[in-house]
Amino acid sequence: MTGAFTLEQGLYIPGESARGPWGENELGGGLITGLLAHEVERHDDGTLHPARLTFDMYRPVPRGPLRMTSRVVRDGRRIRVVDVSLTHEDIEVSRASALLIRRTEEPPGEVARPPVSTVAGPEGIAPDQWPGRVNVERFLENRSLRPTGGSEPAARWTRVSRPVVDGAPITPLVRAATAGEAASPVSNRSPVGLYFKNADTTLYMHRLPIGEWICLEVVARGSAEGVAVAECALHDEHGIFGRSLVACVATARNEMIGGRASEAPAAGASGAP
């Protein structure tokens, strides 16, 4: 299956299907975080675990050629820190910082833990239908366990169905980064739509996800004066493997319907203005 980006002469070229819901020339947020995570993986020697990834999405990322560079800023016995920069026409549009911790044996002793949250699996839940969304659903299949805007905290299963980079496998890290960015729409959508855009996403994971499906369950959310912060527990079908946290800014937006822009509530997010 064709990926969202093709790599040509050192540049990542987004295809038509990479277009996001916030504007005709703007990329979807999950594809940005997935692309940055793809670069982070180049610095894993097979013994490191990506415990924390922070994605700063401080500019809309245009649907044009993108250059990605990375460097190791700390390489110790137990910890490696990697910075990644994404640029368009020499202007940085997004960046990532990753904390990689070397795996070792679990220490002895029983540590007090909070109650374990469990969610029902994705089987038997009908796929979400978003009229007019002609691109994002090509890469993400969503099944709402508890719909946004309801009386209970929202929870939604997501599956990355196509590669982010053409020819590259959908690895567990890329899958988590792509799906985890949806903490913004899952937590911020109301019965009248979504009017918050995430300026960042931070993933904390004590292990990588197993299998294709990832569930985002809202565990905390608040907003004031147009600023919202939210936290989602990240589940796979074996249990919780981490957290996704977002900081969001109130934003009017354009919904893409049939290739044209029209004012409407949003169903996704990709970078603050």
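**Q** Can you walk me through the overall build of the chain in this structure?
**A** Counting secondary structure elements, the chain contains three helices and 14 strands. When burial is assessed residue by residue, the chain has 51% of its 273 residues classed as buried. Carbon and sulfur atoms make up 52% of the accessible area of the chain, which totals about 12800 Å².

**Q** Can you help me understand the sheet that holds strand β12 (residues 239-250) in this one?
**A** Sheet strands pair by backbone hydrogen bonding; their relative direction is either parallel or antiparallel. The ten strands are arranged β4-β5-β6-β3-β9-β12-β11-β10-β8-β7 in an open sheet whose pairing can be described as antiparallel. The sheet is open, and its two borders are formed by β4 (67-75) and β7 (140-146), each paired with just one other strand. Within this sheet the neighbouring strands show an average axis-to-axis angle of 25 degrees, counted without direction. Summarising the sheet, β4 and strand β5 (residues 79-88) pair through eight bridges and their orientation is antiparallel. Bridge pairing in β5 places Thr69 opposite Ser85. Helix α2 (residues 172-180) rests against β3 (48-56), β7, β8 (155-160), β9 (196-205), β10 (213-224), β11 (227-236) and β12 of the sheet, and its axis sits at about 145 degrees to β9.

**Q** Could you clarify how one ought to interpret the packing of helix α1 (residues 29-40) against α2 in this entry?
**A** A pair of packed helices can be characterised by two numbers: the angle between their axes and the separation between those axes. Following both chains from N to C, one finds α1 and α2 inclined at 150 degrees, their axes separated by 7 Å at the closest point. Here α1 is positioned roughly antiparallel relative to α2, judged by the angle of their axes. In this structure, α1 crosses over α2, and the sense of that crossing is right-handed. On α2, the residues touching Gly30, Thr33, Gly34, Ala37, His38 and Val40 of α1 are Leu173, Val174, Ala177 and Thr178. Along the lines of polarity and charge, the residues of the contact of α1 with α2 split into five nonpolar, five polar and no charged.

**Q** Explain the pattern of salt bridges to me, please; I cannot follow it from the model alone.
**A** Side-chain pairs of opposite charge can arise where the charged atoms are in close proximity. Following the criterion strictly, the structure yields twelve salt bridges and no others. Salt-bridge contacts for Arg42 lead to Glu39; the nearest nitrogen and oxygen are separated by 2.7 Å. Between Arg159 and Glu141 there is a salt bridge, with the nearest N and O atoms lying 3.1 Å from each other. With Arg159 in strand β8 and Glu141 in strand β7, this residue pair connects regions lying 18 residues apart in the sequence. Side by side, Arg159 and Glu141 carry an identical accessibility label, which is buried.

**Q** Would you mind showing me how to read the nonpolar core here?
**A** One broad trend across soluble globular proteins is that nonpolar side chains are buried collectively. Phe5, Leu35, Leu36, Leu53, Phe55, Leu66 and Leu86 are the most contacted members of the largest nonpolar core, which has 52 residues in total. At six residues, α1 tops the list of elements feeding residues into this core. Counting six residues, the second-largest nonpolar core is a separate cluster that includes Ala155, Trp157, Trp213 and Cys215.

**Q** What am I meant to see in unusual backbone geometry here?
**A** Negative phi characterises most residues that are not glycine, and trans characterises most peptide bonds. The phi dihedral of Gln9 falls on the positive side, at around 50 degrees, and the residue is not glycine. By relative accessible area, Gln9 is classed as exposed at 82%. With a phi close to 50 degrees, Glu225 is a non-glycine residue in the positive phi region. For Glu225, a relative accessible area of 85% translates into the label exposed.

**Q** When you look at the confidence of the model for the chain in this model, what are you seeing that I'm missing?
**A** Should pLDDT be low for a region, the predicted coordinates there are not to be read in detail. On average, residues of the chain carry a pLDDT of 87, and 86% of them reach 70 or more. Predicted confidence for residues 254-270 stays below pLDDT 50, and this span has 70 contacts to residues more than four positions away or in other chains.

**Q** Is there a simple way to think about α1 in this case?
**A** When the terminal C-alpha atoms of α1 are compared, their 17 Å separation across twelve residues agrees well with the 16 Å that a helix rising 1.5 Å per residue should span. With eleven of twelve residues buried, α1 is to be regarded as a mostly interior element. Every buried residue of α1 is listed here: Gly29, Gly30, Leu31, Ile32, Thr33, Gly34, Leu35, Leu36, Ala37, Glu39 and Val40.

**Q** Looking at this structure, I do not really get the environment of Ala37. What am I missing?
**A** Within the secondary structure, Ala37 is located in helix α1. C-alpha separation for the pair Ala37 and Ala177, spaced 140 residues apart in sequence, amounts to 6.4 Å. Look past the residues within four positions of Ala37 in its chain and what remains in contact with it is Leu53, Phe55, Leu173, Val174 and Ala177.

**Q** Could you clarify how one ought to interpret the pairing of strand β2 (residues 11-14) in this entry?
**A** Residue alternation in β2 divides its side chains into a buried set, Tyr12 and Pro14, and an unburied set, Leu11 and Ile13. Taken together, the four bridges between strand β1 (residues 5-8) and β2 define a ladder with antiparallel strand orientation. Looking across to β2, one finds that Thr6 is bridged to Ile13. Between β1 and β2, which pair antiparallel one after the other, the connecting turn spans two residues, and Gln9 there sits at a positive phi close to 50 degrees.

Rules used in this analysis
- Residues numbered from 1 in each chain as written.
- Predicted model: local features only at pLDDT ≥ 70, side-chain atom pairs only at ≥ 80, totals over all residues.
- Heavy atoms only, no water.
- Helix = DSSP H or I, 4+ residues; strand = E, 2+ residues; numbered from the N terminus.
- Buried < 20%, exposed > 50% of the residue type's maximum accessible area, 1.4 Å probe, protein only.
- Areas by Shrake-Rupley, 256 points an atom, 1.4 Å probe, with all protein chains shown as cover.
- Pairing = 2+ DSSP bridges.
- Axes fitted to C-alpha atoms, helices over the stretch in contact; angles between N-to-C directions.
- Contact = heavy atoms within 4.5 Å.
- Parallel < 35°, antiparallel > 145°, perpendicular 65-115°, else oblique.
- Left-handed = near helix turned anticlockwise from the far one by under 90°.
- Nonpolar A, V, L, I, M, F, W, Y, C, P; charged D, E, K, R; others polar.
- Salt bridge = Lys/Arg side-chain N within 4 Å of Asp/Glu carboxyl O.
- Core = buried A, V, L, I, M, F, W, Y, C linked by side-chain atoms within 4.5 Å.
- pLDDT = per-residue confidence, 0-100.
- Expected span 1.5 Å × (residues − 1).

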